[in-house]
Amino acid sequence: MESQDHIDNTLNHLFRQESGKMVAVLIKIFGTENIAIAEDVVQDALVSALETWKFRGMPDNPKAWLYRAAKNKAIDIIRRKKHSKTIDFSDPERKLLTSEYTLTSTMDSFWKEQHIQDDFLAMMYACCHPDISSENQITFILKSLCGFSTKEVAKSFLTSEDTISKRLYRTKEYFRKHKIRPRIPFLEEIETKTEVVLSTIYLMFNEGYNSTHDDQLIRKDLISQALWLCKSLLDSKRTRLPQVYALMSLMCFHTARIESRTTKDGNLILLSDQDRKIWDIELIKLGSKYLNQAAFGDTLTTYHVEAAIAYQHCTASSYETTNWKEILKYYDLLLNINYDPIVFLNRCLVILELKGPSEALDVIEKINDHKVMNRYYLYHAIMGKIYERLIQPNVAVEYYQQALKLTQSKIEKHFLKQKIARILN
Amino acid sequence: MKEFLMLIRGGQEKYNSVSPEDMQKHMEHWQEWMGKLAQEEKLVGGQPLMNEGNTMTEGGKKVIDRPFAEGKELVGGYLLIKADSLDQATEIAKGCPSFEYDCSVEVREIAPMG
């Protein structure tokens, strides 16, 4: 008999990897109005895997075993519900499920490897429908496509399981009411649809990457799921767009630095103070490879430019030798593509490094929408930094205190408090 | 469009002796053929039947524990299809994979009553 831990571990890993794909195939079989049935089948398959493997040991190919279990359960359900109105069999492919002449072979063709990946991607595009709010999109993707439990999703969003259940319900209702048929978008619409998918993936990534979470495990989970989803898009010819490579590259560069961003107690370490020796060289290499691949065609997205900036940081041997000049050019390019106050503020930081505090202050004072800027934590943090460099500690402290009021993140709060304390001493 | 019943008879002997690989291939033929009918919206439904059954005669009083006809005559399955005419239904039936197993196929139009 296998050790229970070994089975649990394999199953957990397998579940995360495969449950989303199985759900996607089953939704194709039962229709988006029956997502609950699809999820139940996957759940049942997992439970029977756990029970069977406990007594008979692990099969040679656990994935194939799991797929077969799900397929057989799906066949049972089709036989049971053949004459009920639950499943819409009017579609020609599903019609074949109603006859015993064709049930098994049709079911087999639903589970062919090349269809599975397409169904998974189709489901991803369906989840990222612009009518579904981005938090509902991410909730649904984490639960249904990434195999998170409701509890885990709740933890990721720092909210209650009840809220998550409501969000899931709303998304399922949307699918049901609008009779959504998941599919990979046609060539002429693939770019716009992929944009939404990428921004959802990037949001998920940032949820893990940015320091709003105390729970390290959940953060790493979110990051690895975002990377995995983006990789799935790269694995298919139809969705392998330059901007997908660019986002993948950007996320690799960010992830490479993750261990150096916080102390063991979870406190923030600034880029200038990070230990570059612990940056993940393999991930930086991978990011560079993806960045090269992102360069085909003439598409230039913010992901491209952000990845180029991250590349400069990742390949600089020290903070001092960072190529700020090049980075400034990229920030200009970013603002050209899309004006964004956060990007503007980050550009001010580059000017601070490149030309010093007076020039940075000049640039920041030229902004005409100070009211909007006032609401950003980053604005006050940067002003604090500028005044610190101008050796006006009192003004700096005032700005830092304002920043402290505006951030929700525990880690950032702690960081600012430390800064203020250091200046006042 | 009219509706037609296809009655498939016989073939059990050959079905019983076939290798699993050949059987799988045969079922794929069914899927292709019925899939095409479904695409053309000509498929209403249909099922294969078990070999066992009961036959009732004499006003339901007498029950024989086997199908009415056996051997080459045994009904092994049915299909309901849509077609414009008996000729068209017959043309469709000619493609039925059951011929690979020496079955006979009878095509009958559904009769409107009253």
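Everything quoted here is computed from the prediction, not taken from an experiment.

Basis of the calculations
- Residues numbered from 1 in each chain as written.
- Chains lettered and ligands numbered in written order.
- Predicted model: local features only at pLDDT ≥ 70, side-chain atom pairs only at ≥ 80, totals over all residues.
- Heavy atoms only, no water.
- Core = buried A, V, L, I, M, F, W, Y, C linked by side-chain atoms within 4.5 Å.
- Buried < 20%, exposed > 50% of the residue type's maximum accessible area, 1.4 Å probe, protein only.
- Helix = DSSP H or I, 4+ residues; strand = E, 2+ residues; numbered from the N terminus.
- Contact = heavy atoms within 4.5 Å.
- Pairing = 2+ DSSP bridges.
- Axes fitted to C-alpha atoms, helices over the stretch in contact; angles between N-to-C directions.
- Phe/Tyr/Trp six-rings, centres within 6.5 Å; stacked < 30°, edge-to-face > 60°.
- Expected span 1.5 Å × (residues − 1).
- Salt bridge = Lys/Arg side-chain N within 4 Å of Asp/Glu carboxyl O.
- 1 Å grid on protein atoms, 1.4 Å probe; cavity = no way out; pocket = protein on both sides within 12 Å on 5 of 7 lines; lining within 4 Å.
- Points joined across faces, edges and corners; volume = space filled by probe spheres on them.
- Nonpolar A, V, L, I, M, F, W, Y, C, P; charged D, E, K, R; others polar.
- Parallel < 35°, antiparallel > 145°, perpendicular 65-115°, else oblique.
- Left-handed = near helix turned anticlockwise from the far one by under 90°.

**Q** So, the nonpolar core: which residues are in play, and what are the values?
**A** Membership of the largest hydrophobic core comes to 141 residues, with the highest contact counts inside it found for Ile29(A), Phe30(A), Trp111(A), Ile201(A) and Ile364(A). Among the elements that take part in this core, helix 1 (residues 4-30) of chain A stands out by supplying 11 residues, more than any other. When residues no more than four places from it in sequence are discounted, the contact partners of Ile364(A) are Leu345(A), Cys348(A), His370(A), Tyr379(A), Ile382(A), Met383(A) and Ile386(A). Listed in part, the 21 residues of the second largest apolar core include Ile8(B), Leu37(B), Tyr101(B) and Val107(B).

**Q** Quick one: what's the story with the sheet that holds strand 6 (residues 104-109) of chain B, residue by residue and with numbers?
**A** In any sheet, the strands associate via hydrogen bonds between backbone groups, in a parallel or an antiparallel arrangement. All names here are of chain B. With respect to topology, 4 strands assemble into an open sheet ordered 2-5-1-6, the strand pairing being antiparallel. Every interior strand has two partners, whereas the edge strands, strand 2 (43-48) and strand 6, have only one. The mean inter-strand angle of the sheet, taken between neighbouring strand axes irrespective of direction, is 15 degrees. Note that strand 1 (residues 2-9) and strand 6 share 6 bridges and pair antiparallel. If you follow Phe4 over to strand 6, its bridge partner there is Glu109. Along the sheet face, helix 2 (residues 20-39) touches strand 1, strand 2 and strand 5 (75-83) and points at about 30 degrees away from the line of strand 5. Across the sheet, helix 3 (residues 86-93) touches strand 1, strand 5 and strand 6, and the angle it forms with strand 5 is around 130 degrees.

**Q** How would you summarise the packing of aromatic side chains if you had to cite specific residues and measurements?
**A** The geometry of an aromatic ring pair is captured by two quantities: the separation of the ring centres and the angle between the planes. Residue and element names in this part refer to chain A. Applying the stated criterion across every chain, the model contains 16 aromatic pairs over all chains. Ring geometry for Tyr245 and Phe296: centres 6.0 Å apart, planes at 80 degrees, overall edge-to-face. Of the two residues, Tyr245 sits in helix 12 (residues 242-256) while Phe296 sits in the loop between helix 13 (281-293) and helix 14 (302-315), which places them 51 residues apart along the sequence. Owing to a relative accessible area of 9%, Tyr245 belongs among the buried residues under this scheme. Judged by its relative accessible area of 41%, Phe296 falls in the partly exposed class.

**Q** An account of unusual backbone geometry is requested, with residue identities and associated values reported.
**A** Residue and element names in this part refer to chain B. Of note in the backbone geometry, Glu58 takes a positive phi value of approximately 50 degrees without being a glycine. With respect to the secondary-structure elements, Glu58 resides in the loop between strand 3 (55-57) and strand 4 (62-64). Looking at Glu58, the relative accessible area reads 55%, which means it is exposed. Although it is not a glycine, Asp102 sits at a positive phi angle of roughly 60 degrees. The topology assignment puts Asp102 in the loop between helix 3 and strand 6.

**Q** Tell me about helix 2 of chain B, and please be specific about residues and values.
**A** Residue and element names in this part refer to chain B. The end-to-end C-alpha separation of helix 2 is 28 Å, in line with the 28 Å expected for 20 residues at 1.5 Å each. The set of residues buried in helix 2 consists of His26, Trp30, Gln31, Trp33, Met34, Gly35, Leu37 and Ala38. After helix 2 finishes, the residue Glu41 shows a positive phi value of roughly 55 degrees.

**Q** Could you give an account of the pattern of salt bridges, naming the residues involved and the relevant values?
**A** Residues and elements named next belong to chain A. Under the counting rule described, the total for this entry stands at 26 salt bridges over all chains. Note that Lys285 is salt-bridged to Glu282, the shortest N-O span being 3.7 Å. Taken as a pair, Lys285 and Glu282 lie in helix 13 at a separation of 3 residues, close to a single helical turn. Across the pair, Glu282 and Lys285 agree in class, each one exposed. Note that Arg347 and Asp332 form a salt bridge whose closest N and O atoms lie 2.6 Å from each other. One end of the pair, Arg347, is in helix 16 (residues 341-355); the other, Asp332, is in helix 15 (residues 324-337), and 15 residues separate them in sequence. Among the residues examined, Asp332 registers a relative accessible area of 33% and is labelled partly exposed. Via salt bridges that share partners, Arg183, Glu189 and Lys193 belong to a single interconnected network.

**Q** Before we move on, could you go through the layout of surface pockets and cite the residues and values that matter?
**A** Each pocket or cavity is described by its volume, and for the second largest pocket that value is around 640 Å³. At the level of secondary structure, the elements contributing two or more residues to the lining of the second largest pocket comprise helix 5 (103-110) of chain A together with strand 1, helix 1 (12-17), helix 2 and strand 5 of chain B. Ranked by the residues each element gives to the lining of the second largest pocket, the list is headed by helix 2 of chain B, at 6 residues. Residue composition of the lining of the second largest pocket, grouped by class: 10 nonpolar, 12 polar and 5 charged.

**Q** Hey, could you go over the side chain of Arg347(A) for me, with residue numbers and the actual values?
**A** On the basis of relative accessibility, which here comes to 16%, the residue Arg347(A) falls in the buried class. With residues up to four places along the chain from it excluded, the contact list for Arg347(A) reads Leu328(A), Tyr331(A), Asp332(A), Leu335(A) and Val363(A).

**Q** Could you give me a rundown of the packing of helix 15 of chain A against helix 16 of chain A, with the residues and numbers involved?
**A** Residues and elements named next belong to chain A. Between helix 15 and helix 16, whose axes approach to 10 Å, the crossing angle comes to 160 degrees. By the angle class used here, helix 15 and helix 16 are roughly antiparallel. Remark: the crossing between helix 15 and helix 16 carries left-handed chirality. Across the interface between the two elements, Trp324, Lys325, Ile327, Leu328, Tyr331, Asp332, Leu334 and Leu335 from helix 15 touch Val343, Phe344, Asn346, Arg347, Val350, Ile351, Glu353, Leu354 and Lys355 from helix 16.

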